[in-house]
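Residue strings, one per chain:
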Amino acid sequence: MNCLTYAFGKWFREGGYVLMRASRLAGEFGVTSKWHPASWVPHFLHRDNNHVVTQYTATDMQRELNQKRGLFLTWISLWNFDGEIVGDDDKKVNE
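Rules behind the numbers
Residues numbered from 1 in each chain as written. Predicted model: local features only at pLDDT ≥ 70, side-chain atom pairs only at ≥ 80, totals over all residues. Heavy atoms only, no water. 1 Å grid on protein atoms, 1.4 Å probe; cavity = no way out; pocket = protein on both sides within 12 Å on 5 of 7 lines; lining within 4 Å. Points joined across faces, edges and corners; volume = space filled by probe spheres on them. Helix = DSSP H or I, 4+ residues; strand = E, 2+ residues; numbered from the N terminus. Nonpolar A, V, L, I, M, F, W, Y, C, P; charged D, E, K, R; others polar. Phe/Tyr/Trp six-rings, centres within 6.5 Å; stacked < 30°, edge-to-face > 60°. Salt bridge = Lys/Arg side-chain N within 4 Å of Asp/Glu carboxyl O. Buried < 20%, exposed > 50% of the residue type's maximum accessible area, 1.4 Å probe, protein only. Polar contact = N/O pair within 3.5 Å; in protein donor to acceptor, adjacent residues only side chain to side chain. Contact = heavy atoms within 4.5 Å.

### Considering the layout of surface pockets
And then number 1: As a volume, the largest pocket reaches approximately 350 Å³.
And then number 2: Contributing to the lining of the largest pocket are 22 residues, with Ser23, His43, Thr57, Ala58 and Leu78 lying nearest its centre.
And then number 3: Going through the elements one at a time, α1 (2–14), α2 (25–28), β2 (42–47), β3 (53–58) and α3 (60–69) are the ones with two or more residues in the lining of the largest pocket.
And then number 4: Take the lining of the largest pocket: its biggest share by element is 4 residues, from β3.
And then number 5: Looking at the lining of the largest pocket residue by residue, the class counts come to 9 nonpolar, 8 polar and 5 charged.

What follows is the structure in structure tokens.
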């Protein structure tokens, strides 16, 4: 949920819009059922007034660590993980 802090912080400072979509957490662990609790985890993004979308997401190293930990421990650590700011298409953004 660091994405929530990022998106609302940026919205408060710069305006724009806060977008919400389903997280990709379930897909990273091979969960295909839409009724699995991991499928209901939200993800928040920020879109500025110029339609540029940015998001706070886990780094590649953090994703590898999550795979070793498993879904349950990864879900618990959603509030505190190493992340980076990327564009809507997962391209790194300098901020």
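Continuing now.
### Considering the packing of aromatic side chains
And then number 1: Counted according to the given criterion, the structure contains 5 aromatic pairs.
And then number 2: Here the aromatic rings of Tyr56 and Phe81 are separated by 5.8 Å at their centres, their planes lie at 40 degrees, and the arrangement is tilted. Of this pair, Tyr56 sits in strand β3 while Phe81 sits in the loop between α4 (71–76) and β4 (83–87), and the two are 25 residues apart along the sequence.
And then number 3: Put simply, the rings of Tyr6, Tyr56 and Phe81 touch in pairs and so form one group of aromatic residues.

### Brief notes about the pattern of salt bridges
And then number 1: Across all of its chains, the model carries 3 salt bridges by this definition.
And then number 2: Close ionic contact of Arg63 with Glu28 constitutes a salt bridge, the shortest N to O distance being 3.2 Å. Highlighted residues: Arg63 in helix α3 and Glu28 in helix α2, separated in sequence by 35 residues.
And then number 3: Judged by relative accessible area, Arg63 falls into the partly exposed class, the value being 25%.
And then number 4: Residue Glu28 is classed as partly exposed on the basis of its relative accessible area, which comes to 30%.
And then number 5: Between Arg63 and Asp60 there is a salt bridge; the shortest N-O distance is 3.6 Å. Of this pair, Arg63 and Asp60 both sit in helix α3, 3 residues apart, which is roughly one turn of that helix.
And then number 6: Three or more residues joined by partner-sharing salt bridges are found here, namely Glu28, Asp60 and Arg63.

### As for the side chain of Thr74
And then number 1: Relative to the elements of secondary structure, Thr74 occurs in helix α4.
And then number 2: Polar contacts involving the side chain of Thr74 include one to the main-chain carbonyl oxygen of Asn66, which spans 3.3 Å.
And then number 3: Of note is the side chain of Thr74, whose polar atom sits 2.8 Å from the backbone oxygen of Gly70.
And then number 4: What Thr74 contacts, discounting residues up to four positions off in sequence, is Leu25, Phe29, Asn66 and Arg69.

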